[in-house]
Amino acid sequence: MPTTADFLTYTQWTGIATLAFAGLTALSFLLKWGIRFRLVGVTGFMAVLTGGLFALGLVPFTRTVVPGAIKFSTVYDTGATQAVIAVPPTITESELDATLRQAANDLFSPGRLGRGQDQLTIRARTVLHPEPGVTQPLYLGQIRRSLTVREDDQMVLELFPENIAKLPPQPQAPDASPQNS
């Protein structure tokens, strides 16, 4: 992932290219080349590109990583106050807690529409197959966070233990201690 320093470096190089195109454009007008108006467009595009890269160089990219969180996929997002993430059925309770917190950080956006509400609700679900040909979605928990405050210390995490109990049992790790024969 590029850093702000990378974007400032890209800005320098595109700035140099913009100046080179501006010089070429000026030369094309002096010599009355047929492509002079196209070069005006190229120079304008390069100026816009340089400005965009400069703006990205000013904004710090921060991504909070929650220890213990596992990969999830967003399966539903209204862009407003509701989202659903999918997790594997092998998830543990501690991983679910961390993954919901990670999703709350990842899905935060100041551009979400509140429509009279000030909370984003993210639900975690998995899919079970109790028998062949039958698929059962199972909601394992949810987290509610502020729509407007990035560093929300008032998040409400709720796990559904009755649904977590329906998950398939985790395989036990083999005992590493030596056995006497």
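Everything numeric here is computed off the predicted structure, so don't read it as measured data.

**Concerning the overall build of the chain**
Helix and strand counts for the chain come out as four helices and five strands. Secondary structure of the chain in N-to-C order comes out as α-α-β-β-α-β-β-β-α. Over its C-alpha trace the chain gives a radius of gyration of 26 Å, far above what one expects of a compact globule, namely 16 Å for 181 residues. Along the three orthogonal principal directions, the C-alpha set of the chain runs to about 90 × 60 × 40 Å. Residue burial in the chain is summarised as follows: out of 181 residues, 29% are buried. Sequence separation of at least 24 residues holds for 60% of the intrachain contacts in the chain that already meet a minimum separation of 6. For the chain, the computed accessible surface area is about 11,800 Å², with 61% contributed by carbon and sulfur atoms. Across the chain, the mean location of the 14 positive side-chain charges is 17 Å away from that of the 14 negative side-chain charges.

**Considerations on the confidence of the model for the chain**
On average, residues of the chain score 87 in pLDDT, and 92% of them reach the 70 mark or higher. Put simply, helix α4 (residues 161-164) is where the chain has its lowest mean pLDDT, 89, and helix α1 (residues 4-30) is where it has its highest, 95.

The rules we used
- Residues numbered from 1 in each chain as written.
- Predicted model: local features only at pLDDT ≥ 70, side-chain atom pairs only at ≥ 80, totals over all residues.
- Heavy atoms only, no water.
- Helix = DSSP H or I, 4+ residues; strand = E, 2+ residues; numbered from the N terminus.
- Rg over C-alpha atoms; globule rule 2.2 N^0.38 Å.
- Buried < 20%, exposed > 50% of the residue type's maximum accessible area, 1.4 Å probe, protein only.
- Contact = heavy atoms within 4.5 Å.
- Areas by Shrake-Rupley, 256 points an atom, 1.4 Å probe, with all protein chains shown as cover.
- Lys, Arg positive; Asp, Glu negative; His and termini not counted.
- Charge placed at Lys NZ, Arg CZ, Asp CG, Glu CD.
- pLDDT = per-residue confidence, 0-100.

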